[in-house]
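Take a look at the letters that make up each chain.
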Amino acid sequence: MIKSFLLLGILAAVVYQGFRLANLTGLNRVIYNHRPGPCRTISSFGGEEDATILPSGFAYITSGFYLDSPSNPRSRIPGRILMMDMNVNNASYVEAKISPRDFELVSPHGIASWTTDSGESYLFVVAHPASGEQVLIFRVRDQLSLELSNTVTGKDMGVGGLLNGVLPTGTNSFYATEWIRYTYPSAHVMAFVETIFSLPVTSVYYWDGASGHIAASGIVSANGIESSRDGKFVYIVTPSTNAMEIYKVSTEQPHELDHVQSVYLATGCDNVIRDRDDSSLWLGCYSRFEEFFDTLKNPGRACPAQVLRIKVSGKEAPFTVSIDEVMSGVDPDIQGCLAFALPHKRRFLSGGPVTNQLLLCDVKYL
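Conventions we followed
Residues numbered from 1 in each chain as written. Predicted model: local features only at pLDDT ≥ 70, side-chain atom pairs only at ≥ 80, totals over all residues. Heavy atoms only, no water. Helix = DSSP H or I, 4+ residues; strand = E, 2+ residues; numbered from the N terminus. Buried < 20%, exposed > 50% of the residue type's maximum accessible area, 1.4 Å probe, protein only. Contact = heavy atoms within 4.5 Å. Areas by Shrake-Rupley, 256 points an atom, 1.4 Å probe, with all protein chains shown as cover. Pairing = 2+ DSSP bridges. Axes fitted to C-alpha atoms, helices over the stretch in contact; angles between N-to-C directions. Phe/Tyr/Trp six-rings, centres within 6.5 Å; stacked < 30°, edge-to-face > 60°. Lys NZ or Arg CZ within 6 Å of the ring centre and 35° of its normal.

Asks: Teacher, can you tell me more about the overall build of the chain here?
Replies: On a plain count of helices and strands, the chain comes out with four helices and 25 strands. Taking all 366 residues of the chain together, the buried fraction comes to 53%. In the chain, 52% of the contacts between residues at least 6 apart in sequence involve partners at least 24 apart. By element, 54% of the accessible surface of the chain is carried by carbon and sulfur atoms, the whole surface being about 16,200 Å².

Shown next as structure tokens:
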């Protein structure tokens, strides 16, 4: 009798895990093709993973990110930061110049910006050199010239895994998400295990300019990160749970984050960027995760792209949340998946880590 109950329990667990994984990967997800208006593709270097925009309308995009070990031959792909003027109709990018000239940018990942009251701007970039995780801080000298002002290592912050997104809180302070608890060479296996079993083992770290500490822990694959306009709340995307988590910045423990609400997205999203005009959140998503993983093995294969716009209303949790699907479907012009959606006025820019194109769309029907 006990053996029968044990077998029944194991069978129930296997069935539950199967349904959960099917839901997570989007195997049964119905996808409809639609766009918010005319879109055009812009050929790129490849590996455009995230973007940020300054109040001036100049956008900066990380390029050359690769999902692999730094010892892999693909790591020879040069890392770049691209700049695009989102104010012009026929926008295209140019490569920003980084000083010192001999500085090597390796696998740039998340990017965010901070502008002071005096108008001076800084870019914060997550990088993955073989020596270990880094958050690089660049001063924007002019639109096309970036000067490295500080390098914060994962060791400095006490980070044990791989970093992903970054959220500045000043010219030398920031939050950074840890999306995999372990570094290479075990990262490949552990990423699979953490995703399959939704293990809450990653954290968000805070760097105050002198030292780092854990601001929030017990998160399943913390990924994109953004804040509310007033800085009182922080949004963290967790693609392995198809959700976005909302945290409140603690008033008792400076810069620590208290979880207040979960928002189920029913899709796996990557980066989140706040619209400077209306404070809505724009997310680049992988509506079918298994097809995203397939593009890693078969570069050039198209996979479903999805862009969401989220509006969070209210002063305190629980917030009222509305979600609009801005774009969805397989675009034959895009080989790969889209990881971010950067809004500006009535358009948005999108790209992804396993595609060689950027997508620029007008928003006419939202």
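Asks: Mind showing me how you'd approach the sheet that holds strand β4 (residues 80-85) here?
Replies: Sheets are built from strands paired through backbone hydrogen bonds, the pairs being either parallel or antiparallel. Reading across the sheet, the four strands line up as β2-β3-β4-β5 and stay open at both edges, with antiparallel pairing between neighbours. Where the open sheet ends on each side, the last strands, each with one partner, are β2 (51-53) and β5 (93-95). On average, each strand axis in the sheet is tilted by 25° relative to the strand beside it, whichever way the strands run. The pairing of β2 with strand β3 (residues 58-63) spans three bridges and is antiparallel. Looking at the pairing, A51 lines up with I61 of β3.

Asks: Please clarify how the pairing of strand β12 (residues 174-180) should be interpreted in this entry.
Replies: Where a strand is regular, its side chains alternate between the two sheet faces. Among the seven residues of β12, seven are classified as buried, and the element is accordingly described as predominantly covered. Looking at chain direction, strand β11 (residues 162-168) and β12 are connected through five bridges and run antiparallel. Considered in β12, the bridge of V166 is made with A176. Here β11 folds back onto β12, and the loop between the two strands holds five residues. Inspection of the sheet shows β12 paired to strand β13 (residues 202-207) by four bridges, in the antiparallel sense. When the bridges of β13 are listed, Y175 appears paired with Y206.

Asks: How should the packing of aromatic side chains be read in this particular structure?
Replies: Where two aromatic rings form a pair, the distance of their centres and the angle of their planes describe that pair. Enumeration over the complete set of coordinates arrives at six aromatic pairs. On the numbers, 6.1 Å between centres and 80° between planes, the contact of F103 with F138 is edge-to-face. Of this pair, F103 sits in the loop between β6 (97-99) and β7 (111-115) while F138 is found in strand β9 (residues 134-142), placing the two residues 35 residues apart along the sequence. Consider the rings of F233 and F319, whose centres lie 4.9 Å apart with planes at 90°: the pair is edge-to-face. Here F233 is found in strand β16 (residues 233-238), whereas its partner F319 is found in the loop between β21 (305-313) and β22 (320-329), with 86 residues between them in sequence. This pair shows no difference in class: F233 is buried, exactly as F319 is. Residue placement shows R80 over the ring face of F45; its charged tip is 3.7 Å from the ring centre.

Asks: What am I meant to see in unusual backbone geometry here?
Replies: For residues besides glycine, phi is generally negative; the peptide bonds are generally trans as well. Each neighbour pair has its own omega, and for S99 with P100 the value is 5°, a cis peptide bond. Secondary-structure assignment places P100 in the loop between β6 and β7. Cis rather than trans, the peptide bond between A317 and P318 has omega equal to 0°. Positioned with a positive phi, S107 is a non-glycine residue whose angle comes to about 45°. Topologically, S107 is positioned in the loop between β6 and β7. Residue classification places S107 among the buried residues on the basis of a relative accessible area of 1%. Positive phi values are uncommon outside glycine, yet A266 reaches one of about 60°.

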